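Observations on the model geometry
What follows is each chain in one-letter form.
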Amino acid sequence: MREGCSGGEAEVVARVTAWFADAARTLPWRSSGVTPWGVLVSEVMLQQTPTARVVPVWEAWMVRWPTPSALAAASPDEVLRAWGRLGYPRRALRLRAAAEAVEERHGGELPETESDLLALPGVGSYTAAAVLAFAYRRRSLVLDVNVRRVLARVDQGVEHPARSETAGERERGWRFVPDDDEQASLWAAASMELGATVCTARSPKCDPCPVAAHCSWRARGYPAWDGPPRVAQSWEGTDRQCRGWIMAALRGSPSPVPLGDLAWPDDVQLARCADSLVADGLAVRHGPRLSLPGFEPVPADSDDEPAVA
DNA sequence: AAAGCGTGGTT
DNA sequence: TAACCAAGCTT
């Protein structure tokens with residue numbers, strides 16, 4: 001008997017992985033021939049961004065910058081424009097920084113250990129584990145929002161996982177991870193897929209669920225969530241919205257944009273957000289104008305600002 | 001360690 | 001229609 005399998009973990013793993021054999025979506029980063037770097041690119045793009053929106057961007061991106069060295073050589077403004085509307089554009093900068101780090105520290109090859117992966121910019125606990133599982137077919141604990149929700153329901157009998165990951169959650173998560181590398185990486189992909197397509201946050205489809213009969217939440221009659229209320233992130237009028245507005249303008253302009261051209265109702269907020277974008281390396285000042293970083297003004301003789309005598 | 005960080009589709 | 005939600009990371 002495998003260690004830690006006192007409950008029905010092995011049965012759940014077997015059923016979910018069998019279901020996955022048929023139900024797996026065909027996603028471009030799952031194709032054979034995709035490099036570990038390609039897997040990492042997909043994982044970073046998928047952080048907080050729906051799969052459907054990532055697909056076309058990933059495909060174009062990998063054609064343009066197939067390797068870490070190619071991306072490291074790209075200029076930030078190109079990278080930010082190619083990132084398009086995926087959101088959280090600092091991920092694009094961090095991905096480029098990760099490419100540079102792979103070049104400098106690992107000779108251009110994505111490292112294969114969890115600690116080396118975690119040391120890359122933009123790579124956290126989830127992404128490192130996902131690369132181990134999906135790129136290297138290695139045993140790891142892949143706990144994303146989908147897997148956490150599946151385990152919350154099947155294992156804990158509650159509708160939602162805790163707001164932030166707990167030690168107990170990781171401990172329980174490991175109980176489901178098969179000893180075998182190949183089976184473990186299959187479980188990682190399959191459990192994520194189940195959460196993404198069947199055991200969804202809003203309206204779970206228990207009918208086609210391969211583990212409905214093993215689900216504690218179902219057995220308990222789907223009790224409503226009685227944990228802490230889940231925070232609703234506001235949007236209207238936030239700095240986030242303002243920053244997004246500025247970034248969209250910068251992406252859409254071939255030349256630096258005067259802040260005054262950005263029709264934003266609050267001048268103070270606009271200035272503050274411009275400052276924060278510059279501080280984050282997402283924008284650069286050219287006198288009173290703003291551009292994406294890496295933008296090269298035509299090297300005329302310093303006509304960016306009116307000459308001061 | 002809680003809060004900040006984009007964007008747009010779904011319910 | 002207004003919330004809710006999405007393959008998280010960083011500070």
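Residues numbered from 1 in each chain as written. Chains lettered and ligands numbered in written order. Predicted model: local features only at pLDDT ≥ 70, side-chain atom pairs only at ≥ 80, totals over all residues. Heavy atoms only, no water.

Regarding the protein's contact with DNA strand C
Note the following rule: Any residue with at least one heavy atom within 4 Å of a molecule or strand is counted as near it. Contacts described as polar in this section are N or O atom pairs within 3.5 Å, which, within protein, must combine one atom able to donate a hydrogen with one able to accept it, while residues neighboring in sequence count only if both atoms come from side chains. Numbering of helices and strands starts at the N terminus; helices are DSSP runs of H or I of at least 4 residues and strands are runs of E of at least 2.
Around DNA strand C, the structure places 27 residues, and the nearest of them are Leu 46, Gly 122, Thr 127, Arg 149 and Arg 202. What you see for DNA strand C is that sugar and phosphate hold 65% of its atoms within 4 Å of the protein. The contact in question runs from a phosphate oxygen of DNA strand C to an N or O atom on the backbone of Val 145, over 3.4 Å. Here a base oxygen of DNA strand C and a side-chain polar atom of Arg 202 are 2.4 Å apart. Among the elements of the structure, α2 (36–46), α8 (125–136) and α9 (145–154) are those that each provide at least two residues to the surface near DNA strand C.

Describing the UniProt feature "domain: HhH-GPD" (unreviewed entry) in chain A
This is how the line gets drawn: UniProt positions are given in the numbering used here, feature names are shortened, and annotations may be inferred rather than shown by experiment.
The feature "domain: HhH-GPD" (unreviewed entry), as given by UniProt, occupies residues 45–197 in the numbering adopted here. For residues 45–197, the helix share is 66%, the strand share is 0%, and the end-to-end C-alpha distance is 19 Å.

Observations concerning the packing of aromatic side chains
How two aromatic rings sit relative to each other is set out by the distance from centre to centre and by the angle between their planes. The following threshold applies: Stacked, tilted and edge-to-face pairs are distinguished by plane angle, under 30 degrees for stacked and over 60 for edge-to-face with tilted covering the rest, among Phe, Tyr and Trp rings (Trp via its six-membered ring) whose centres lie within 6.5 Å. Each residue's exposure class comes from its accessible area (1.4 Å probe, protein chains only) as a fraction of the maximum for that residue type: buried when under 20%, exposed when over 50%, partly exposed otherwise.
Applying the stated criterion across every chain yields a total of 6 aromatic pairs. Between Trp 217 and Tyr 222 the ring centres are 4.9 Å apart and the planes differ by 80°, which places this aromatic pair in the edge-to-face class. Trp 217 sits in the buried class, given a relative accessible area of 5%. By relative accessible area, which is 34% here, Tyr 222 ends up partly exposed.

Some details on the nonpolar core
So the rule is basically this: To form a nonpolar core, buried Ala, Val, Leu, Ile, Met, Phe, Trp, Tyr and Cys residues must be joined to one another through side-chain atoms within 4.5 Å. Residues are treated as being in contact if the distance between any of their heavy atoms lies within 4.5 Å.
Judged by nonpolar contacts, the single largest core of 53 residues is most densely connected at Trp 37, Met 45, Trp 61, Leu 110 and Ile 246. Of all the secondary structure elements, the ones that give two or more residues to this core are α2, α3 (51–64), α4 (68–73), α5 (76–83), α6 (90–106), α8, α13 (239–252) and α14 (267–279). Per-element accounting of this core gives the leading share, 7 residues, to α6. With residues up to four places along the chain from it excluded, the contact list for Met 45 reads Val 54, Val 57, Trp 58, Trp 61, Trp 83, Leu 86 and Arg 91. If you look at the next biggest cluster of nonpolar residues, it comprises 32 residues, including Val 16, Leu 141, Val 150 and Val 198.

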